[in-house]
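Chain and residue survey
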Amino acid sequence: MFERLRLMLERYEKLTELLADPDVISDQNVWREYAKEHASLENAVNLYKEYLQTQKNIEECKELMNGNDELAELAKEEFKEGQAKLEDLIKQLKIALIPVDPHDQKNVIIEIRPAAGGEEAALFGTELMRMYTRFAERNRWKTEEIDLDMTELGGIKTCTFMISGQNAFAKLKYESGVHRVQRVPATESQGRVHTSTVTVAVLPEVEDVEVEINEKDIKIDTYRSSGAGGQKVNKTETAIRITHFPTGIVVTSQDERSQLKNKEKALQVLKSRIYDYYKTKADSEHASERKSQVGTGDRSEKIRTYNFPQNRVTDHRIGYTMYALEEFMDGDLNEMIEALQIAYQNEMLAKIGD
């Protein structure tokens with residue numbers, strides 16, 4: 001760890017010189033890249049400098065502690081304080097060395113689809129959509145619908161929407177996975193508890209420079225947008241369906257009345273899904289590093305159970321349970337998200353320790 005910190009300090013000092021170099025300043029693109037890297041190193045470097053200074057102070061105290069005078073007593077006190085500070089700085093340095101997810105600052109695209117459970121799963125999908133929308137409102141983020149296809153009873157067949165705001169992906173990335181609901185459906189006449197599942201995918205919004213789509217690789221179809229139960233709500237073909245042949249990914253957008261705007265939204269979602277497709281494929285090569293499910297976005301396993309009879313929500317990745325389901329479904333997700341973030345941080349700290 002300390003060898004890594006030493007190299008980071010050397011790089012930081014080199015970048016400081018480069019940022020003052022007239023040749024670098026004249027090329028703003030290069031200067032911005034260096035400035036970004038410089039800023040990313042600053043916290044860890046400052047902590048490391050403080051660690052080195054504290055270590056030096058401790059060594060000086062050791063030399064003064066051997067006497068019997070007042071100065072020796074003072075040195076002993078400063079030595080104890082220095083040791084405690086050193087331990088705290090080591091903890092802070094480990095946290096500072098946890099790799100930062102480059103997508104954390106990005107907006108997110110959320111896709112919700114019912115899995116097992118028929119209409120009950122579709123209805124719960126609608127409630128999850130509302131839950132994330134309410135969470136966005138609590139954070140003063142913007143929500144924008146991209147594609148919504150509903151059943152006659154108000155459940156969702158498919159739903160895609162974007163949430164825009166600071167640290168949106170950093171907080172919502174833990175929501176990817178299979179969400180299980182246990183409750184008595186409104187359509188159940190005998191009062192039996194049913195279990196249904198809904199899948200949620202959380203994708204970072206990607207920029208044009210990150211994913212390039214060849215026009216030969218896609219097929220664009222237009223069709224009329226529809227409402228609940230297939231009821232036609234638009235007489236012109238403004239809805240868009242894009243098929244990406246290399247991956248088999250299909251996206252739709254029918255929220256806007258303009259065909260052009262629907263096409264723009266569909267391409268935006270397609271880029272994010274293509275990026276996620278290839279990233280997931282690459283990550284699967286390192287499956288041993290992806291055991292905990294925390295922040296991995298792996299949708300193959302159940303991540304959370306919502307038990308309505310017991311007013312309980314449990315996240316199975318970290319074994320965390322809350323008995324405040326009504327508040328949770330109203331978008332009060334902070335406690336659960338913080339628990340997931342802490343679990344991820346602890347896992348990373350253990351790896352740094354190893």
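These remarks concern the structure in this document. (Residues numbered from 1 in each chain as written. Predicted model: local features only at pLDDT ≥ 70, side-chain atom pairs only at ≥ 80, totals over all residues. Heavy atoms only, no water.)

Attention now moves to the packing of aromatic side chains. Counted according to the given criterion, the structure contains 5 aromatic pairs. Note on Phe124 and Phe308: the rings are 6.5 Å apart at their centroids and 85° apart in plane angle, and the pair reads as edge-to-face. One end of the pair, Phe124, is in helix α5 (residues 118–138); the other, Phe308, is in the loop between β9 (302–307) and β10 (312–315), and 184 residues separate them in sequence. What makes Phe308 partly exposed here is its relative accessible area of 30%. Centre to centre, the rings of Phe135 and Trp141 are 5.6 Å apart; their planes meet at 85°, and the pair counts as edge-to-face. Here the two residues Phe135 and Trp141 agree in accessibility, since each one is buried. (Phe/Tyr/Trp six-rings, centres within 6.5 Å; stacked < 30°, edge-to-face > 60°. Helix = DSSP H or I, 4+ residues; strand = E, 2+ residues; numbered from the N terminus. Buried < 20%, exposed > 50% of the residue type's maximum accessible area, 1.4 Å probe, protein only.)

Among the nonpolar cores identified, the biggest contains 35 residues, and Ile110, Ile112, Leu128, Tyr132, Ile163, Leu172 and Tyr306 are the most heavily contacted of them. Within the residue set of this core, elements represented by two or more residues are β1 (108–114), α5, β3 (156–164), α6 (168–172), β5 (194–204), α8 (325–329) and α9 (334–353). Among the elements that line this core, the one with the most residues is α5, at 8 residues. When residues no more than four places from it in sequence are discounted, the contact partners of Tyr306 are Phe124, Leu128, Met131, His179, Arg180, Val181, Gln182, Arg312, Val313, Leu325, Phe328 and Met329. Counting 21 residues, the second largest nonpolar core, distinct from the first, contains Leu15, Val24, Leu86 and Leu93. (Core = buried A, V, L, I, M, F, W, Y, C linked by side-chain atoms within 4.5 Å. Contact = heavy atoms within 4.5 Å.)

All right, on to the sheet that holds β3 then. Read across the open sheet, the 8 strands follow the order β2-β3-β1-β5-β4-β9-β10-β11; overall the sheet is mixed. Each edge of the open sheet carries a strand with a single partner, namely β2 (142–150) and β11 (320–322). Sheet twist, expressed as the average angle between the axes of neighbouring strands with direction ignored, equals 20°. The pairing of β2 with β3 spans 8 bridges and is antiparallel. Across the sheet, Asp149 pairs through a bridge with Thr158, a residue of β3. (Pairing = 2+ DSSP bridges. Axes fitted to C-alpha atoms, helices over the stretch in contact; angles between N-to-C directions.)

Further remarks concern a negative patch on the surface. A cluster of acidic residues, Glu326, Glu327, Asp332, Glu335 and Glu338, forms a negative patch on the protein surface. Counting only elements with at least two residues in the negative patch, the list comes to α8 and α9. Within the fold, Glu338 resides in helix α9. (Patch = residues over 30% accessible without salt bridge, like charges linked within 9 Å, V, L, I, M, F, W, Y side chains within 5 Å. Areas by Shrake-Rupley, 256 points an atom, 1.4 Å probe, with all protein chains shown as cover. Salt bridge = Lys/Arg side-chain N within 4 Å of Asp/Glu carboxyl O. Lys, Arg positive; Asp, Glu negative; His and termini not counted. Charge placed at Lys NZ, Arg CZ, Asp CG, Glu CD.)

With that settled, the discussion passes to unusual backbone geometry. Although it is not a glycine, Asn167 sits at a positive phi angle of roughly 60°. Within the fold, Asn167 resides in the loop between β3 and α6. Residue Asn167 is classed as partly exposed on the basis of its relative accessible area, which comes to 26%. Its identity as a non-glycine residue notwithstanding, Asn311 has a phi of 55°, on the positive side.

Turning to the packing of helix α1 (residues 2–19) against helix α3 (residues 28–64), a few remarks are in order. For the pair α1 and α3, the least separation of the axes is 8 Å and the interaxial angle reads 135°. Here α1 is positioned oblique relative to α3, judged by the angle of their axes. The hand of the α1/α3 crossing is left-handed. From α1, Phe2, Leu5, Arg6, Met8, Leu9, Arg11, Tyr12, Leu15, Thr16, Leu18 and Leu19 reach across to α3, where they touch Trp31, Tyr34, Ala35, Glu37, His38, Leu41, Glu42, Ala44, Val45, Tyr48, Lys49 and Tyr51. (Parallel < 35°, antiparallel > 145°, perpendicular 65-115°, else oblique. Left-handed = near helix turned anticlockwise from the far one by under 90°.)

With that out of the way, let us pick up the pattern of salt bridges. With the rule as written, the count across this model stands at 19 salt bridges. Ionic pairing is found between Glu3 and Arg6, a salt bridge with its closest N-O pair at 2.5 Å. Taken together, the positions of Glu3 and Arg6, both in helix α1 and 3 residues apart, correspond to about one turn of that helix. A salt bridge links Arg6 to Glu10; its shortest N-O distance comes to 2.5 Å. You can see Arg6 and its partner Glu10 sitting in helix α1, 4 residues apart, about one turn around the helix. A relative accessible area of 33% means that Arg6 is categorised as partly exposed. Overall, Glu10 belongs to the partly exposed group, its relative accessible area being 41%. Several salt bridges share partner residues, and in doing so they unite Arg130, Arg134, Glu137, Arg138 and Asp330 into one network.

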